[in-house]
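# Secondary and tertiary structure notes
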Amino acid sequence: MLDIDFVRKQFPSLDGDFIFMDNAGGSQVLGNVIERISGYLLHHNVQLGASYSVSEEAGRKLKFATSQIAQLLNASRDEEVVIGSSTTMLLRILSLSISKQWKEGDEVIVTDTDHEANVSPWMDLEEKGIKVKIWQVNKESLELELSELKKLMGPRTKLVAVTHASNLLGTINPIKEISKEVHKAGALICVDGVAYAPHRKVDVQELDADFYTFSWYKTYGPHLAVMYGKYAELLKLDSLNHYFIGKDAVPYKLQPGNFNFELTYSILGITEYYSELCKHHEETGLPGFSQRLSKAFELISEHEQQLAEKLLTYLNSIPEVRIIGNTSADSSLRVPTISFVHENFKSDEIVEKVDPHRIGIRFGDFYAKRLVQTLGLENKNGVVRVSLVHYNTREEVEKLISVFRGIFS
């Protein structure tokens, strides 16, 4: 069982009486992350690449931080880690660079379930003559069906952009299976892992993703993002940096203006947290970081499933409520990002009634606007979304249910 008291002590903002349940929009930040940001700015706030000692030491620290990020993702080498300001920006950079290799009539496939960050950069390529096809969700099952993807792919398909977990549905997509079919068709796969990474271990080699992105500010860290890319694929990309930064300068050629030093260094606070979480639960015999990471996320997913089970059991008992996503709490099928609509209320009306109780939930489309349109939920002002993470407690979920009872009765 997850020691929830230990977990919550690692997040200074949880000392107050506010209940954070809008975590898919942005999680709370680990104390270790905050300390590393301030520590870097106090002691190593210099430009890299100089010969003086502080610059050399800062370079070593950032190189170590990057190596830890590579381990977290199970990248094959540190150069496969691209740091940027946001997932949206990294995907835009990728689309601008990779599309220089494509020709008019080449094709990209996007889904109507993704956050717009992994849709617009590809849709905008239509201006260059790239054809964009949409892999549409099954409106009944709310699943992306692999059989439909196979129908869309052809000899000119260059890339498939898909989310690992929907930030609205909570559904986990079978990326490993999708990758296999995409590669069989001779195309690349670009995965948005923003809604998945806070909840499950990411292993890019196991998934066989060509590109994989997520944001640290939704993964207990600062406003920063990472994109993994297979080294061979990154090498092929044109540089978007200064004219004298060549194609071999991976990943610097995709980091114009460089990356944020203090925020990148602070990511060590996240990797250390997962190790400490494992160690605290008396799993000291695990030999490597990968094993410790697996154990940490096993603890996290089990706890999150219990929270989701409690909330979903209640919502499933209300005839007027329609859950938008899988109605099961099974952690192999979904993350605890739970969306719903109510027959008698618009979504904003529900959230506004919850607000005075100092519980942070949200309504809207969450930049998955195409999905809300596909499901015809604009007249509800989108969905109500309760996005839980492992630092939430059973008592917090019970309080939210109590508030819902007062609204729905």
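Here, every reference points to the structure presented above.
The paragraphs below set out a description of the structure included in this document. Residue indices follow the written sequence of each chain, beginning from 1 at its first position. Confidence filtering applies because this is a predicted model: local features only for residues at pLDDT of at least 70, side-chain atom pairs given and counted only at 80 or more, and all residues used for totals across whole chains, interfaces and linings. Each side-chain value is worked out from all heavy atoms of the structure, with water and hydrogens disregarded.

This next bit is on the sheet that holds strand β9 (residues 321-323). When DSSP finds at least two bridges between two strands, those strands are taken to pair. Secondary structure elements are defined from DSSP: runs of H or I of at least 4 residues count as helices, runs of E of at least 2 residues count as strands, and each element is numbered from the N terminus. Pairing is antiparallel in the open sheet, where 4 strands are placed in the order β9-β10-β13-β12. Every other strand in the sheet has two partners, leaving β9 and β12 (362-364) as the edge strands with one partner each. The sheet shows a mean angle of 35 degrees between the axes of neighbouring strands, taken without regard to direction. Here β9 runs beside strand β10 (residues 337-342); their pairing, made up of 3 bridges, is antiparallel. Orientation is described by axes fitted as lines to C-alpha atoms, over the contacting stretch for helices, and by angles from 0 to 180 degrees between their N-to-C directions.

Residues lying three or four places apart along an α-helix face the same way, a consequence of the helix completing one turn every 3.6 residues. Any helix carries an expected span of 1.5 Å times its number of residues minus one. The terminal C-alpha atoms of helix α2 (residues 31-43) lie 18 Å apart, and with 13 residues this matches the ideal 18 Å at 1.5 Å per residue to within 8%. Exposed residues in this analysis have more than 50% of their type's maximum accessible area, buried residues have under 20%, and partly exposed residues fall in between, with area computed by a 1.4 Å probe over protein chains only. Of the residues making up α2, those classed as buried are Gly31, Val33, Arg36 and Tyr40.

Looking now at unusual backbone geometry. Following Val250, the chain continues into Pro251 via a peptide bond in cis, with omega recorded as 5 degrees. Phi at Asn74 takes a positive value of approximately 60 degrees, unusual for a residue other than glycine. Within the secondary structure layout, Asn74 lies in the loop between α3 (53-73) and β2 (81-84). For Asn74, a relative accessible area of 30% puts it in the partly exposed group. For Leu142, which is not glycine, the phi torsion reads 60 degrees and is therefore positive. Considering the arrangement of structural elements, one finds Leu142 in the loop between β4 (131-135) and α6 (146-152). A relative accessible area of 6% places Leu142 in the buried class.

All right, on to the packing of aromatic side chains then. The geometry of an aromatic ring pair comes down to the distance between the two centres and the angle between the two planes. Here a pair means two rings of Phe, Tyr or Trp (six-membered ring of Trp) with centres within 6.5 Å. Their orientation is stacked below 30 degrees between planes, edge-to-face above 60, and tilted elsewhere. Throughout the structure, instances matching the rule amount to 16 aromatic pairs. For the ring pair Phe259 and Phe261, a centre distance of 5.3 Å and an interplane angle of 75 degrees mean the geometry is edge-to-face. Note on accessibility: Phe259 and Phe261 belong to one class, buried. Each member of the aromatic cluster is reached from another via a ring pair, and the members are Phe11, Tyr220, Tyr273, Tyr274, Phe297 and Tyr391.

Further remarks concern the pattern of salt bridges. Between Lys or Arg on one side and Asp or Glu on the other, a salt bridge is scored when a side-chain nitrogen of the former is within 4 Å of a carboxyl oxygen of the latter. In this structure the tally under the stated criterion is 21 salt bridges. One salt bridge connects Glu272 with Arg36, and the closest N-O pair in it is separated by 2.5 Å. With Glu272 in helix α11 (residues 268-280) and Arg36 in helix α2, this pair connects stretches of sequence that are 236 residues apart. Across the pair Arg92 and Asp124 runs a salt bridge whose closest N-O atoms are separated by 2.8 Å. Highlighted residues: Arg92 in helix α4 (residues 87-98) and Asp124 in the loop between α5 (120-123) and β4, separated in sequence by 32 residues. For Arg92, a relative accessible area of 28% corresponds to the partly exposed category. Taking relative accessible area as the criterion, Asp124 reaches 35% and is therefore assigned partly exposed. What you see here is one network of salt bridges that share partners, running through Asp22, Arg362 and Arg385.

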